[in-house]
Amino acid sequence: MATPIREPDTVRAELIEAAIRLLADQGTEALVLRRVASAAHVSTMCVYSRFGDKVGLLNAVYAAGFENLNLAMSKVQHSQDPLRRILQLGLAYRRFAVANPALYALMFERVIGFDPPPEVRSDLLESTFSLVSDAVNEAMEQGTIDVESPKVAAYTLWTAAHGAVSLELTHAARRPLSGWLTDSPDAGEDVFRQAVEITLRGLASSGHAA
């Protein structure tokens with residue numbers, strides 16, 4: 001007997017999309033199951049049957065965030081110059097964060113009442129972190145990065161990227177500071193680019209730079 005083909009759970013996808021919209025517009029406080037159900041035009045029971053409770057819904061939104069980030073970073077074209085690829089991956093990371101600040105905060109910042117299981121966090125972080133690790137490995141093979149541990153090098157790059165983007169989002173969420181380094185999106189991208197390039201120069205072998 002042929003195995004029946006399972007149709008995609010479109011309601012589940014619509015609920016996750018509705019939750020992401022509410023998160024963007026009103027913050028984590030808006031992620032009440034009945035409000036998410038109303039935004040998706042379904043019954044609250046649909047949420048319970050698919051996610052169990054609010055934590056289950058948050059876990060699904062968290063996973064969807066990494067899927068979207070992975071998609072954005074995976075669109076970076078492969079380059080013969082892995083240092084350039086690392087920079088472009090970083091810029092894709094920043095643009096995702098700037099376009100989705102509330103979702104980015106759920107993914108990377110401490111949210112009271114939400115702590116994804118360690119194994120889930122590990123798998124999802126690796127889904128994007130591996131893109132940078134692979135580029136670092138290529139740079140090491142070419143001799144343009146000279147480090148003992150490619151994983152530590154990739155993590156160092158991530159800390160530079162995350163720090164720059166988090167500070168930019170923090171300032172963007174408040175009243176602007178005249179003349180501050182990230183007082184516009186273009187200025188924020190320029191500072192971010194410099195942060196990654198400086199980090200790459202620190203990791204570069206003698207005679208090479210980003």
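## Focus: the packing of aromatic side chains
Then comes step 1: As enumerated under the stated definition, the model contains nine aromatic pairs in all.
Then comes step 2: The interplanar angle of 80° and the centroid separation of 5.7 Å between the aromatic rings of Y93 and Y104 together place this pair among those described as edge-to-face. Of this pair, Y93 sits in helix α5 (residues 82-99) while Y104 sits in helix α6 (residues 101-108); the two residues are eleven residues apart in sequence, bridging distant segments of the chain.
Then comes step 3: For Y93, a relative accessible area of 6% gives the class buried.
Then comes step 4: Through a chain of ring-to-ring contacts, three or more aromatic side chains come together here, namely Y62, F66, Y93, Y104, F108, F114, F129, Y155 and W158.

## Overview of the confidence of the model for the protein chain
Then comes step 1: Overall, the predicted model of the protein chain reaches an average pLDDT of 89, with 93% of residues at or above 70.
Then comes step 2: A low-confidence stretch, residues 1-7 stays under pLDDT 50, and its non-local contacts, those more than four residues away or across chains, total zero contacts.

## Overview of the pattern of salt bridges
Then comes step 1: If you walk through the whole model with that rule in mind, you get four salt bridges.
Then comes step 2: A salt bridge links E168 to R94, with the nearest nitrogen and oxygen atoms 2.8 Å apart. On the criterion of sequence distance, the pair formed by E168 in helix α8 (residues 150-172) and R94 in helix α5 is long-range, its members being 74 residues apart. We note that E168, like R94, is buried.
Then comes step 3: Across the pair R193 and E189 runs a salt bridge whose closest N-O atoms are separated by 3.8 Å. Within this pair, R193 and its partner E189 are both found in helix α9 (residues 185-203), separated by four residues, close to a single helical turn.
Then comes step 4: Residue classification places E189 among the buried residues on the basis of a relative accessible area of 19%.
Then comes step 5: Through salt bridges with shared partners, one network takes in R94, R95, E168, E189 and R193.

## Observations concerning the environment of P150
Then comes step 1: Position of P150 relative to the elements: it lies in helix α8.
Then comes step 2: For the pair P150 and A135, spaced 15 residues apart in the sequence, the C-alpha separation amounts to 9.4 Å.
Then comes step 3: Among all residues touching P150, those that are not within four sequence positions of it are V136, N137 and M140.

## Considerations on the packing of helix α2 (residues 33-40) against helix α3 (residues 44-51)
Then comes step 1: α3 packs onto α2 with a crossing angle of 110° between their chain directions and a minimal axis gap of 8 Å. On the basis of their axis angle, the class for α2 and α3 is roughly perpendicular. Two secondary-structure elements touch here, α2 through L33, R34 and A37 and α3 through T44, V47 and Y48.
Then comes step 2: Among the residues forming the contact of α2 with α3, the class breakdown is four nonpolar, one polar and one charged.

What counts and how
Residues numbered from 1 in each chain as written. Predicted model: local features only at pLDDT ≥ 70, side-chain atom pairs only at ≥ 80, totals over all residues. Heavy atoms only, no water. Phe/Tyr/Trp six-rings, centres within 6.5 Å; stacked < 30°, edge-to-face > 60°. Helix = DSSP H or I, 4+ residues; strand = E, 2+ residues; numbered from the N terminus. Buried < 20%, exposed > 50% of the residue type's maximum accessible area, 1.4 Å probe, protein only. pLDDT = per-residue confidence, 0-100. Contact = heavy atoms within 4.5 Å. Salt bridge = Lys/Arg side-chain N within 4 Å of Asp/Glu carboxyl O. Axes fitted to C-alpha atoms, helices over the stretch in contact; angles between N-to-C directions. Parallel < 35°, antiparallel > 145°, perpendicular 65-115°, else oblique. Nonpolar A, V, L, I, M, F, W, Y, C, P; charged D, E, K, R; others polar.

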